[in-house]
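The lines below spell out each chain.
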Amino acid sequence: MKTVVFAEFEHEEALVNAIGQLRERDYHVLDAFTPYEVEGLGALLGASPFRVRAAMLVGGLGTAALCWFIEWYSAAIAFPFDSGARPHNSWPVFPLFPFEFGVLMAGVFGFAAMLWSTGLPRLNHPFFDTPLSGRASQDRFLLAVAAPPTTRARDALAGLLAATGAATIGEGEL
Amino acid sequence: MTIVADSTGFSNRGTARPDEDWRFTRVNSSEAVNVLVTGPLLDRERWRRWWIALVASALLTVVFFGAMFYLFVEGIGIFGNNSIVVWGFPIANYVWWIGIGNAGTLISSMLLLTHQRWRAAINRLAEAMTLIAVAIAGLMPIVHMGRPLYFYWLAPYPNTMGLWPQWRSALVWDFWAILSYLCFSIIFWYTGLIPDLATLRDRATTHAKRVAYGALALGWRNSARHRHIYQTYYRTMAALAVPLVCSVHSIVGLDFAASLMPGWQETIFPPYFVVGAMYSGFAMVAVLCVAVRWGLRLEALITMRHFDMMAKIMLMAGTVMLLSYATEWFSGWYSGRGADRRFLAFSFAGAYAPFYWTMIFCNCLAVQAFWFRAARRSLPAIIAISVLINIGMWLERILIVLNTLSHHYVVSMWRLFYPTLWDWLILAGSLGFFAFLYLLFVRFFPVVSMHEVRQLVHEETAG
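Here's a quick rundown of the structure.

A look at the overall build of chain B
And then number 1: Looking only at helices and strands, chain B has 15 helices and 2 strands in total.
And then number 2: Rg of the C-alpha trace for chain B: 23 Å, near the compact-globule value of 23 Å for 463 residues, within the 12% margin.
And then number 3: Taken along the three principal axes of its C-alpha coordinates, chain B extends 75 × 55 × 40 Å.
And then number 4: Long-range contacts, defined as pairs at least 24 residues apart, comprise 79% of the intrachain contacts of chain B with a sequence gap of at least 6.
And then number 5: Of the roughly 17,800 Å² of accessible surface on chain B, a fraction of 70% belongs to carbon and sulfur atoms.

Structure, rendered in structure tokens:
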């Protein structure tokens, strides 16, 4: 749990501008909270979707391979059924089931990885104690900066945030 | 041009005619979007007409499940199927409903990947349509078989009988296609909802709503870091959905194409089923858009330009359908085979000919009105033609079944199908059940993707 300074902006441009200025002055920007996707902002703050991509690839291909194995095993080994003298291992008809189920499981694995990467579900988070948090899902842009250790440094940070256009500044935990 | 916000959050933007715009130019702030979408959900006063519709649809839902109960007690003898025409209404209903279910994912994924921004106003309600339509479609094969306790035999699992599914059968492919598509659609729809559920949580007027929406939102905090991961997942799902949705209805087409009966040997079936699905689905989306727009007063978000665009897509799909029918007719005639030519003659002049001509009118001719801008911008015309398309597409589904099965190679196996009351009750009941579930969706979930529309409003107003 870190003590942070929250700054609320009315426009995304002001938020992005503030992040640039804070970084130039070596402040640690922890996160931003926005009512819609601001392209490139998540990557700028260091988020990586690698787990989601990897989980979807592994989950989808792994499931597809397992499905194919079940088809081969059941058709060629467990229950060889002669249908018009066709080969038991009728591989040209096998891809449909692995494809359909593989796509589904890629989605399931990806969803699980998304939750894992974001730490959700977490219904009770210190962020929600901040009075400013509610507007972030509606129409305001919120910035969370690691609070400096001294009061003087915090005042300097607040001054800088105000200069970059922050409408409201407050403290909280994240 | 100036942007002037009034108390409702709307604005008039200079000289543009209101029906010329996407809603993005008429709603000029995030808060205006929030008010429009969440307002009805959090207000208990506006729902009188909704209750009337819910009760009416609930009655039809009772009919649906009542008819199914009677079916499971009595067996499939209550349907019009006979020893020759072994497929009937439930199979046609199945193909029709799953076709309608395809458009939601197409709108959501294909239009997202091709950066068609106008989708944002209608994708949520189209996705909900998909979920419900596919779920109903999934019930229909069980209704057709009449023995719900055995449907799991389609799944591969070790059992004491030593039986495994027959992987060469299109019906087994169907089982997996529907199951996968339904589950995938639920995940895709729910993922898209999460940020909007957080908005509802933060605007909730009662503790119960805050808890309910908060739990459904999974504690979403609108973190930019989370959203980056979320958007990667959502877009990847969209990319996967396109081949999935095409494969699902292609597999439904293969139920018929991978056969030896006259009229069921068409290699064109898979792509033509996909286009037909998109066609009937868009027609249903158009009808739902009109209803939702009127019921929730969303004229500022779903404008005539959306209907114009949907009409153009229906026109394209209807023309492709005409081309597909013509290809089917030509290949039947050009094959020179007696059975195929007799099948063609039976389609155009046989016992079901009036329905066949009605189908051609509904699917190929009525939609040609959309060449005219006046028709594309007229809600009565949109509703009338969309309903005709849905009737035509249902006729296509039933006639694909009946024309072939009533007209075998052997004359002694020519026999007609006569639907019973129970056939009609299942069909009407499924429509009522669809309406019932859709009304529940409209009451409790945001019908427009707020977080995407907010982004578009910003882009429009900033630009």
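Some thoughts on the overall build of chain A
And then number 1: A count of helices and strands for chain A gives 5 helices and 4 strands.
And then number 2: Computed over the C-alpha atoms, the radius of gyration of chain A is 25 Å, more than 25% above the 16 Å expected from 2.2 N^0.38 for a compact globule of 174 residues.
And then number 3: Overall, chain A is about 85 × 30 × 30 Å in size when its C-alpha atoms are taken along their principal axes.
And then number 4: Counting across all 174 residues of chain A, residues that qualify as buried make up 49%.
And then number 5: Within chain A, residue pairs in contact and separated by at least 24 positions form 79% of the contacts whose partners lie at least 6 positions apart.

Let's talk about the packing of helix 4 (residues 96–118) of chain A against helix 7 (residues 224–257) of chain B
And then number 1: One way to put it is that helix 4 of chain A packs onto helix 7 of chain B with a least axis distance of 10 Å and a crossing angle of 165 degrees. Here helix 4 of chain A lies roughly antiparallel to helix 7 of chain B, going by the angle between them. In the packing of helix 4 of chain A onto helix 7 of chain B, the handedness of the crossing is left-handed. Taken together, the residues of helix 7 of chain B that come into contact with helix 4 of chain A (itself represented by Leu96, Phe99, Glu100, Val103, Ala106, Gly107, Gly110, Phe111, Met114, Ser117 and Thr118 of chain A) are His226, Ile229, Tyr230, Tyr233, Met237, Leu240, Pro243, Leu244, Ser247, Val248 and Ile251 of chain B.
And then number 2: The class makeup of the residues in the contact of helix 4 of chain A with helix 7 of chain B is 15 nonpolar, 6 polar and 1 charged.

Here's the deal with the packing of aromatic side chains
By convention here, two paired aromatic rings are described through the distance between centres and the angle between planes.
Residues and elements named next belong to chain B.
And then number 1: Going through the model one piece at a time under the given rule, you end up with 55 aromatic pairs over all chains.
And then number 2: Here a set of aromatic residues connected by ring pairs shows up, and it is made of Trp87, Phe256, Trp264, Phe269, Tyr272, Phe273, Tyr325, Trp329, Phe348, Tyr356 and Trp357.
And then number 3: Over the face of the ring belonging to Phe273 we find Arg397, whose NZ or CZ atom lies 5.5 Å from the ring centre.

Comments concerning the packing of helix 4 (residues 123–145) of chain B against helix 14 (residues 421–444) of chain B
Residues and elements named next belong to chain B.
And then number 1: Running from amino to carboxyl end, helix 4 crosses helix 14 at an angle of 145 degrees, the nearest separation of the two axes being 10 Å. Relative to helix 14, the crossing made by helix 4 is right-handed. Here helix 4 contributes Arg124, Leu125, Ala128, Met129, Ile132, Ala133, Ile136, Leu139, Met140 and Val143 to the contact with helix 14, which in turn contributes Ile426, Ser430, Phe433, Phe434, Leu437, Tyr438 and Phe441.
And then number 2: By residue class, the composition of the contact of helix 4 with helix 14 is 15 nonpolar, 1 polar and 1 charged.

Description of the pattern of salt bridges
And then number 1: Considering all chains together, one arrives at 14 salt bridges over all chains under this definition.
And then number 2: For the salt bridge of Asp202 of chain B with Arg201 of chain B, the shortest nitrogen-to-oxygen distance reads 3.0 Å. For the pair formed by Asp202 of chain B and Arg201 of chain B, the shared burial category is buried.
And then number 3: Asp308 of chain B serves as the salt-bridge partner of Arg376 of chain B, at 3.2 Å between the closest nitrogen and oxygen. Of this pair, Arg376 of chain B sits in helix 12 (residues 373–376) while Asp308 of chain B is found in helix 9 (residues 304–334), placing the two residues 68 residues apart along the sequence.
And then number 4: We classify Asp308 of chain B as buried; its relative accessible area is 4%.
And then number 5: What emerges from the salt-bridge pattern is a single network uniting Glu8, Arg135, Asp139 and Arg140 of chain A.

Remarks on helix 4 of chain B
Residue and element names in this part refer to chain B.
And then number 1: The end-to-end C-alpha separation of helix 4 is 34 Å, in line with the 33 Å expected for 23 residues at 1.5 Å each.
And then number 2: Of all 23 residues in helix 4, 18 are buried, a share of seventy percent or more.
And then number 3: Positive phi shows up at Gly146, right after helix 4, with a value of about 75 degrees.

What to know about the environment of Tyr152 of chain B
All names here are of chain B.
And then number 1: Note on placement: Tyr152 falls in the loop between helix 4 and helix 5 (170–203).
And then number 2: Since its relative accessible area comes to 40%, Tyr152 is described here as partly exposed.
And then number 3: For the pair Tyr152 and Pro90, spaced 62 residues apart in sequence, the C-alpha to C-alpha distance is 19 Å.

Considerations on the environment of Leu315 of chain B
Residues and elements named next belong to chain B.
And then number 1: Along the polypeptide, Leu315 turns up in helix 9.
And then number 2: Looking at Leu315, the relative accessible area reads 8%, which means it is buried.
And then number 3: Along the chain, Leu315 and Ala375 lie 60 residues apart, while their C-alpha atoms are 11 Å from each other.

Observations concerning the side chain of Asn390 of chain B
And then number 1: Structurally, the position occupied by Asn390 of chain B is in helix 13 (residues 379–405).
And then number 2: With residues near it in sequence (within four places) discarded, Asn390 of chain B still touches Trp96, Ile100, Ser280, Ala283 and Met284 of chain B.

Brief notes about the interface of chain B and chain A
And then number 1: Contacts between chain B and chain A engage 57 residues on the former and 66 residues on the latter.
And then number 2: Taking both sides of the interface into account, the surface hidden between chain B and chain A amounts to around 5,300 Å²; carbon and sulfur atoms contribute 67%.
And then number 3: It is Trp167, Arg168 and Arg221 of chain B that lose the most area in chain B upon contact with chain A, and together they represent 16% of the buried surface on that side.
And then number 4: Here Arg235 of chain B and Glu37 of chain A are joined by a salt bridge, their closest N and O atoms 2.9 Å apart.
And then number 5: Run the count over chain B and chain A and you get 24 residue pairs in polar contact (both at pLDDT 80 or more).
And then number 6: Elements represented by at least two residues in the side of chain B that touches chain A include exactly helix 1 (30–42), helix 5, helix 6 (207–216), helix 7 and helix 15 (450–462) of chain B.

About the thresholds
Each chain carries its own residue numbering, running from 1 in the direction its sequence is written. Lettering for chains starts from A, numbering for ligands starts from 1, and both go in the order in which the items are written. Predicted model: local features are reported for residues with pLDDT of at least 70 only, side-chain atom pairs are reported and counted for 80 or more only, and whole-chain, interface and lining totals are derived from all residues. Side-chain measures here rest on the full set of heavy atoms in the structure, leaving out hydrogens and waters. A run of H or I in DSSP becomes a helix once it reaches four residues, and a run of E becomes a strand once it reaches two; helices and strands are each numbered from the N terminus. The reference for a compact globule is 2.2 Å times residues^0.38; the radius of gyration itself is calculated from the C-alpha atoms. Throughout, a contact is declared for two residues whenever any of their heavy atoms are within 4.5 Å. Every accessible area reported is derived by Shrake-Rupley at a probe size of 1.4 Å, with residue values counting cover from the shown protein chains alone. Exposure categories follow from relative accessible area, calculated using a 1.4 Å probe and restricted to protein chains: below 20% of the type maximum is buried, above 50% is exposed, and the middle band is partly exposed. To obtain an axis, a line is fitted to C-alpha atoms, over the contacting stretch when the element is a helix, and the angle between two such axes runs from 0 to 180 degrees between their N-to-C directions. Here roughly perpendicular refers to angles of 65 to 115 degrees, roughly parallel to angles under 35, roughly antiparallel to angles over 145, and oblique to all remaining angles. By the definition used in this description, the sense in which the near helix is turned from the far one sets the handedness, with an anticlockwise turn below a right angle giving left-handed and a clockwise turn giving right-handed. Asp, Glu, Lys and Arg are counted as charged, while Ala, Val, Leu, Ile, Met, Phe, Trp, Tyr, Cys and Pro are counted as nonpolar; the rest, among them Gly, fall into the polar class. Aromatic contacts are taken between Phe, Tyr and Trp rings whose centres are within 6.5 Å, Trp giving its six-membered ring; a plane angle under 30 degrees counts as stacked, one over 60 as edge-to-face, and the others as tilted. For a lysine, the NZ atom is tested; for an arginine, the CZ atom; a charge sits over a ring if that atom is within 6 Å of the ring centre and within 35 degrees of the ring normal. Salt bridges, as used here, are contacts in which a Lys or Arg side-chain nitrogen is within 4 Å of a carboxyl oxygen on Asp or Glu. An expected span of 1.5 Å times one less than the residue number is assigned to each helix. Here the quantity called buried area is the accessible surface, traced with a 1.4 Å probe, that two parts lose on coming together, added over both. The definition of a polar contact used here is a pair of N or O atoms within 3.5 Å, where within protein one atom must be able to donate a hydrogen and the other to accept one, and adjacent residues in sequence count solely through side-chain atom pairs.

So far we have only geometry, and geometry alone does not tell us how the molecule works.
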